Structure formats: C-alpha cells, structure tokens
Amino acid sequence: MDEQRIIAWLDGELDPIEAEEVARAVAADPALQARAEAHRRLKARLAAAFGPTARQPVTVMPRPEAEVISLAVARQARAAKARRAQAGRRWALPGAAAASLVVGLFGGTQLAQVAGIEDRRDALALAAPIAHALDVQLASEARPVRVALSFRDHDGEVCRSFAGRALSGVACRVPDGWQLRYAAPAAAQAGDYRQAGSDPATAQVIQAMIAGAPFDATQEQAARGTGWK
Amino acid sequence: MDAFETALTALLPRLRRFAHGLARDPAAADDLTQATAERALQARAQWQQGTSLDAWAYRIMRNIWIDTARSRQRRDKVLAPAEAGESVGVAGDAEGKAELHFLMRALDLLPDEQREAVALVMIEELSYREAAAVLDIPIGTLTSRLVRGRQALLALLED
C-alpha cells in the first residue's frame, strides 16, 4: 500500500472497489492509519485557511468611458512619468491602465455594512482596493488607484495621499489597516495622470499634517518594506 | 456586463483563492488576480465557447505566475523581510489571517511544480484529470508531484 494510493483514496480518485481495498488496508495497519490521518488533517487545514479567500466578494467594475485609455497613450504617459520621476520602479504588472474594465477586490465586510459612516473606532478604516493600493504601490505607479505623497505626520504615523475612482484623500497607517484622515469625492479626471493630492484642499491638509519633508523614492520603498510603520 | 464578463466575475473569487495558493502573500495574490482578470479580458477572443472557462482562466493565472517567477526571485533578494506581508490587509479575523500567511509561506518553500499541483487539487479541489489538463501534463506526472508536495508539506508542518 503506497502513500500515493492513500492520497488518491482521500481525494476521492479511486473507484469503489479500489477505495474499499485501501480502506481495509488502512484500517488494519496503525502506521498507515496514522499516515492517512496526517494527510486528512493537512487537507482540512488548507481548506479551512484558504476557503475564506473565495468567500469575499470580488467584482468587475466597468470603467467609465472617459477613463478608457489606449495602450499607446498609457505607455507614453507612463514612460514620461518614469523619466520625470527617475526613481525606477522595481516591478510592474502588465496592462493595468490598458484594460477596459477594472477589477476591484473588496473585503467581505464592506458590502454588508449599512450605508454611511458610523461612530465607531474602525469607521474610517479603508477597504480594498484603496487599502491594498496604499499597502503595495509606490508613488510613481499609474494604476486605477493612484498614490502620490508619503510622509510622516506629527504623531509619527506614515500617511499617504491617494486618488481612487470615486474617493481621494489622505490616509494614515494604523495597526490594523489604513485610516482615512481626509477625503473628498474624486474629481472627474478624463484619463489623465494628475498626481493624487495635487488639488489645493488636499495640499493644505498635507501641509498641516506633515512633519518634515515627504518621503523620497528610497524612503518610500524602505517604508513599504517595514509595513509602513 | 456581457455574458463573458459575468462568467468571469462569477469565477473571480475562486481565481483569487487559487492566487492565494500560488502567491507568496495576500497582496501578491490580489495583484495576481487583478493581472489574470485583465489578461483574460484582453484575450477573451481566444477562449472557445463550450470549453471550460474555469480551466482557461486557471491556466492564464498559472502562466502569469510562472512568467513572473524570475522577477519574484530577484525581488526576494532586493526586498528582504518576508514579514513585510504580515501587516497587509484590513481589519478582520486576525487568527485566520495569521494561519493563512503561515501556510502561504510553507507553500512558498515547495518547488513551483509541486506548489501548483497542491494548489489546484488541495485548495481548488480539482480532480486529478482537471488539474493535469490545466497544467498540460500527464495524470501520472501530476500525482507524483502532488504526493511529493504533500509529503514535503507534512514534513514542514507536522514533523
């Protein structure tokens, strides 16, 4: 009785006659039984841990017409931006600006909530995709959610300005996520790559919050490496 | 949304779970899901009606993951602490997330060919035949990678 057959048995890959054979052999041998149990535990453990990732809603949002950009235009804009920034991106994902649809990954809690901001500690927690963008993106990346400035505020927290499809603002990293500190409806931006946070109101907020200078590319990368602490 | 987009949307939660089986941390898994959805939308003309959209999309995701394997390794050297991914995410079930991170790191120690077999069969619960078709390998090859992957995981997690 080899391990491969026991595993195939646990996976339901054997026909009834073979399955019966394996079941009998395993029942008769404590060593095989222990091994089969270990494999069963492993399978259950993976299912329990990974299962919830498929239960969070994920939606495809049609991107407004005005924001559809041709691949060539997006590439030019990206190249121009890269030249200006001179801070090379270490990695990039393909085609983010070129797709005609944007995929939004939403955390499970967001959709179930009653509309409106409640008087709760976590009321200003940002959900994906903005929280995700703030976690992983560097300032120069042209993505559906754009991140502009990163800086440390007077309380020592790392904060970042951003502009999404419908919401723009400033958020700061707190232990369990990103907390919104200033927000405004995102202005309709017909597919340009205007810096998030370049409007006067956001600039004023940042001015009031910032301790020292905004992060440069190296500081930003270092901050990402330590989870924005 | 048209029929293709609707079907793809319905599939996205499972694709995202598969991405968690492949990627090194949840943030990378979401990036992989996003990239896969975009590639699927761009390449929709290549999907043949009547064939399985699931298998087609799994294959796209798996190929993107393989294609980025080299840059993944490079990045691992440039940006060190793997612990960076620990803090990613919004408020939620902290214990479950820690377990997920832990298992993702364990899977990350497997060779790619074992990891993709484990992810398809143990996480996505595909049959051996379906998983072998996604990976375009004979069933015998799939089962031996699967067995070796599971033995390695047990050694990492239990022994």
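Bear in mind that the values here come from a model prediction, so they are computed numbers and not experimental data.

S.K.: Explanation requested: the overall build of chain B in the structure shown.
M.R.: Check the secondary structure of chain B and you find 8 helices and 0 strands. Shown N-terminal to C-terminal, the secondary structure of chain B runs as helices and strands in the order α-α-α-α-α-α-α-α. Here chain B, with 159 residues, has 42% of them falling under the buried criterion. Relative to all contacts within chain B whose residues are 6 or more apart in sequence, the contacts with residues 24 or more apart total 64%.

S.K.: For this particular structure, what's the right way to read the packing of helix α2 (residues 26-42) of chain B against helix α3 (residues 53-67) of chain B?
M.R.: What describes two packed helices is the angle between their axes and the distance between those same axes. All names here are of chain B. The contact between α2 and α3 brings their axes to 9 Å, and the two run at 120°. Accordingly, the angle class assigned to the pair α2 and α3 is oblique. Crossing handedness for the pair α2 and α3: right-handed. Residue-level inspection shows L32, A35, T36, R39 and A40 of α2 in contact with α3, the latter providing A57, I60, M61, I64 and W65. Taken together, the residues of the contact of α2 with α3 sort by class into 8 nonpolar, 1 polar and 1 charged.

S.K.: Looking at this structure, how should I read the nonpolar core?
M.R.: One recurring pattern in soluble globular proteins is that nonpolar side chains are buried together. Ranked by internal contacts, the top residues of the largest apolar core, which has 50 residues, are F18, A19, L32, M61, V118, V121 and A131 of chain B. With residues up to four places along the chain from it excluded, the contact list for V121 of chain B reads D11 of chain A together with L126, Y128, A131 and L146 of chain B. Counting residues in each nonpolar core, the second largest holds 27 residues, with L126, A128, A131 and A163 of chain A among its members.

S.K.: Just checking my understanding: could you explain the environment of R148 of chain B for this structure?
M.R.: The topology assignment puts R148 of chain B in helix α8 (residues 139-157). Remark: the alpha-carbon pair of R148 of chain B and L110 of chain B, spanning 38 residues in sequence, is separated by 9.4 Å.

S.K.: Would you mind showing me how to read the pairing of strand β6 (residues 177-185) of chain A here?
M.R.: Moving residue by residue along a regular strand, the side chains alternate between the two faces of the sheet. Residues and elements named next belong to chain A. Relative to β6, strand β5 (residues 167-174) runs antiparallel, the two sharing 8 bridges. Of the residues in β6, the one forming a bridge with R173 is W178. Counting the residues between successive antiparallel strands, the hairpin from β5 to β6 contains 2 residues.

S.K.: What is the right way to look at unusual backbone geometry in this model?
M.R.: Leave glycine aside and you will find that most residues have negative phi; peptide bonds, for their part, are mostly trans. One non-glycine residue, W228 of chain A, lies in positive phi territory at about 60°. Along the polypeptide, W228 of chain A turns up in the segment after α8 (217-225). By C-beta crowding, W228 of chain A is classed as buried, having 21 other C-beta atoms within 10 Å. Unlike most non-glycine residues, D136 of chain B shows phi in positive territory, near 60°.

S.K.: Just to check I follow, could you spell out the confidence of the model for chain A for this structure?
M.R.: Regions with low pLDDT should not have their predicted coordinates read in detail. Summing up the model confidence of chain A, the mean pLDDT is 75 and the portion of residues at 70 or higher is 69%. Per-residue pLDDT stays below 50 along residues 106-114 of chain A; that stretch engages in 17 contacts with residues further than four places along the chain or on separate chains.

S.K.: Please clarify how the confidence of the model for chain B should be interpreted in this entry.
M.R.: Residue and element names in this part refer to chain B. Scored by pLDDT, chain B has a mean of 84; 84% of the residues are at 70 or more. Every residue in residues 77-91 scores below 50 in pLDDT, and together they form 31 contacts with partners more than four places removed in sequence or on other chains. Quick note on the complex model: pTM equals 0.56, ipTM equals 0.85.

S.K.: In this structure, what is going on with the packing of helix α7 (residues 128-135) of chain B against α8 of chain B? I would like to understand it.
M.R.: Residues and elements named next belong to chain B. Two elements in contact, α7 and α8, have axes whose closest approach is 9 Å; the angle formed by their N-to-C orientations is 100°. When the axis of α7 is compared with that of α8, the two are roughly perpendicular. Mapping the contact onto sequence places Y128, R129, A131, A132 and L135 in α7 and I139, L142 and T143 in α8. Here the contact of α7 with α8 is composed, by residue class, of 6 nonpolar, 1 polar and 1 charged.

S.K.: It is not clear to me how the environment of S168 of chain A should be interpreted in this structure. Could you clarify?
M.R.: Along the chain, the position of S168 of chain A falls in strand β5. Spatially, the C-alpha atom of S168 of chain A lies 8.8 Å from that of T202 of chain A, the residues being 34 residues apart in sequence.

Conventions and cut-offs
- All residue numbers refer to position in the chain's written sequence, counted from 1.
- Going through the entries in the order they are written, you letter the chains from A and number the ligands from 1.
- Thresholds applied to this predicted model are a pLDDT of at least 70 for local features of residues and 80 or more for the giving and counting of side-chain atom pairs; totals over whole chains, interfaces and linings are not thresholded and use all residues.
- A run of H or I in DSSP becomes a helix once it reaches four residues, and a run of E becomes a strand once it reaches two; helices and strands are each numbered from the N terminus.
- Burial is judged by counting other C-beta atoms within 10 Å of a residue's own C-beta: 20 or more means buried, 12 or fewer means exposed, and anything between counts as partly exposed, with every C-beta placed from the backbone.
- Contacts are defined on C-beta atoms placed from the backbone: any two residues whose C-beta positions lie within 7 Å are in contact.
- With axes taken as lines fitted to C-alpha atoms, and helix axes fitted only over the stretch in contact, angles between N-to-C directions fall between 0 and 180 degrees.
- By definition in this entry, angles of less than 35 degrees are roughly parallel, angles greater than 145 are roughly antiparallel, angles of 65 to 115 are roughly perpendicular, and the rest are oblique.
- Take the far helix as the reference: if the near one is turned anticlockwise from it by less than a right angle, the crossing is left-handed, and if turned clockwise, right-handed.
- Amino acids are sorted into nonpolar (Ala, Val, Leu, Ile, Met, Phe, Trp, Tyr, Cys and Pro), charged (Asp, Glu, Lys and Arg) and polar (every other residue, Gly among them).
- Think of a nonpolar core as buried Ala, Val, Leu, Ile, Met, Phe, Trp, Tyr and Cys residues chained together by C-beta atoms that fall within 7 Å.
- Note on pairing: two strands pair once DSSP finds at least 2 bridges between them.
- A residue's pLDDT is the confidence the predictor assigns to it, expressed on a 0 to 100 scale.

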